[in-house]
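Next come the chains, spelled out residue by residue.
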Amino acid sequence: MTRQRTTKLLRAAAVLALLPAAAGVTRANTVDIVHDGFGAYDVATFWGAGYDDAWVSAGVYMLDKTDSTGAGDIWHNGPLPGFCIELHEPAPQNTYTYTVGMPDDVYNSFTGETIGTVRANYLRELWARFYDSSWAAGGSYTAQQNAQAQAFACAVWEIVYEDLPSSPLGWDVTLDGTAGAGGFAATDLDAATANKWLHELTGTGPKSDLLAFVNDGQQNYLVAVPEPATR
């Protein structure tokens with residue numbers, strides 16, 4: 001691993017340090033959020049996480065943050081965008097306290113597995129290469145923006161729920177290639193774009209700093225660490 005890549009990956013980890021350590025006091029890393037509508041999105045039909053031929057809102061989930069501790073303080077209170085990483089849990093309709101953690105460590109209560117570092121790095125690369133901030137700019141969205149955000153969300157679920165293929169070329173959002181409780185497939189989306197993005201991943205490409213908001217019993221989210229100038 002190069003020094004540049006190591007530094008980039010450690011930046012997100014650094015914000016999770018328990019503060020203030022010098023005083024021997026620990027603070028939890030939390031955010032208080034509620035689901036407050038969508039950015040760009042569209043409805044897809046999916047199979048996975050215990051559902052067959054079900055509808056899901058696929059795209060940017062807008063979260064209203066009202067309070068935080070520790071690492072959660074790096075986001076301003078107010079709206080922030082995220083992507084669902086737990087299909088079998090509901091979006092929070094009331095304000096809940098979420099733990100802020102590394103995507104690698106998120107436990108999927110349906111599959112009984114953590115996301116792990118390999119998948120988390122694919123998610124970081126997917127975000128760095130293809131996420132478009134205009135999907136969460138507010139106001140109305142074009143059909144293209146909605147379709148792209150929907151494809152991105154399905155690519156995220158493909159990475160989270162499917163067994164890792166021998167190569168990223170093995171991913172296909174239209175096919176469930178995983179035996180047992182895992183797996184994911186979807187229709188009614190721009191699958192060609194989702195698959196194109198997945199097939200361009202290398203596992204060693206550019207990576208965004210991502211963290212996860214986790215609450216047992218509520219939908220978990222993948223979120224980006226804001227650049228210092230926007231904190």
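Quantities reported herein were computed from a predicted structural model and do not represent experimental measurements.

The rules behind these values
- Residues numbered from 1 in each chain as written.
- Predicted model: local features only at pLDDT ≥ 70, side-chain atom pairs only at ≥ 80, totals over all residues.
- Heavy atoms only, no water.
- Helix = DSSP H or I, 4+ residues; strand = E, 2+ residues; numbered from the N terminus.
- Buried < 20%, exposed > 50% of the residue type's maximum accessible area, 1.4 Å probe, protein only.
- Axes fitted to C-alpha atoms, helices over the stretch in contact; angles between N-to-C directions.
- Parallel < 35°, antiparallel > 145°, perpendicular 65-115°, else oblique.
- Left-handed = near helix turned anticlockwise from the far one by under 90°.
- Contact = heavy atoms within 4.5 Å.
- Nonpolar A, V, L, I, M, F, W, Y, C, P; charged D, E, K, R; others polar.
- Pairing = 2+ DSSP bridges.

**Q** So, unusual backbone geometry: which residues are in play, and what are the values?
**A** Located in the positive-phi region is Ala49, a residue other than glycine, with phi close to 55 degrees. Turning to its location among the elements, Ala49 is positioned in the loop between strand 1 (30–48) and strand 2 (51–69). With a relative accessible area of 4%, Ala49 lands in the buried category. With phi around 55 degrees, Asp53 is a residue other than glycine that occupies positive phi space. Looking at where Asp53 falls in the secondary structure, it is placed in strand 2. For Asp53, a relative accessible area of 51% corresponds to the exposed category.

**Q** If you had to explain the packing of helix 3 (residues 143–161) against helix 4 (residues 191–199) to someone new, which residues and values would you point to?
**A** The geometry of helix 3 relative to helix 4 is characterised by a closest axis approach of 8 Å and an angle of 50 degrees between their N-to-C directions. On the basis of their axis angle, the class for helix 3 and helix 4 is oblique. Crossing of helix 3 against helix 4: the hand is right-handed. Mapping the contact onto sequence places Gln148, Ala151, Phe152, Ala155, Glu158 and Ile159 in helix 3 and Thr193, Ala194, Trp197 and Leu198 in helix 4. Residue composition of the contact of helix 3 with helix 4, grouped by class: 7 nonpolar, 2 polar and 1 charged.

**Q** Can you explain the packing of helix 2 (residues 116–130) against helix 3? Please cite residues and give values.
**A** It is the contact of helix 2 with helix 3, at a shortest axis distance of 9 Å, that shows an interaxial angle of 165 degrees. By the angle between their directions, the pair helix 2 and helix 3 is classed as roughly antiparallel. As for the relative orientation of helix 2 and helix 3, their crossing is right-handed in sense. Contacts from Arg119, Tyr122, Leu123, Leu126, Trp127 and Phe130 in helix 2 reach Phe152, Ala155, Val156, Ile159 and Val160 in helix 3.

**Q** Residues and numbers for the pairing of strand 9 (residues 221–224), please.
**A** Strand direction decides the pairing type here: strand 3 (residues 78–84) and strand 9, joined by 2 bridges, are antiparallel. Paired with Phe83 across the bridge in strand 9 is Leu222. Sheet topology places strand 8 (residues 210–214) next to strand 9; 4 bridges connect them, and they run antiparallel. Residue Leu211 lies in a different strand from strand 9, and its bridge partner there is Val223.

**Q** Now, about the environment of Leu211: what can you tell me, with residues and values included?
**A** Considering the arrangement of structural elements, one finds Leu211 in strand 8. Classification of Leu211 as buried rests on a relative accessible area of 0%.

All we've got here are geometric facts, nothing functional implied.
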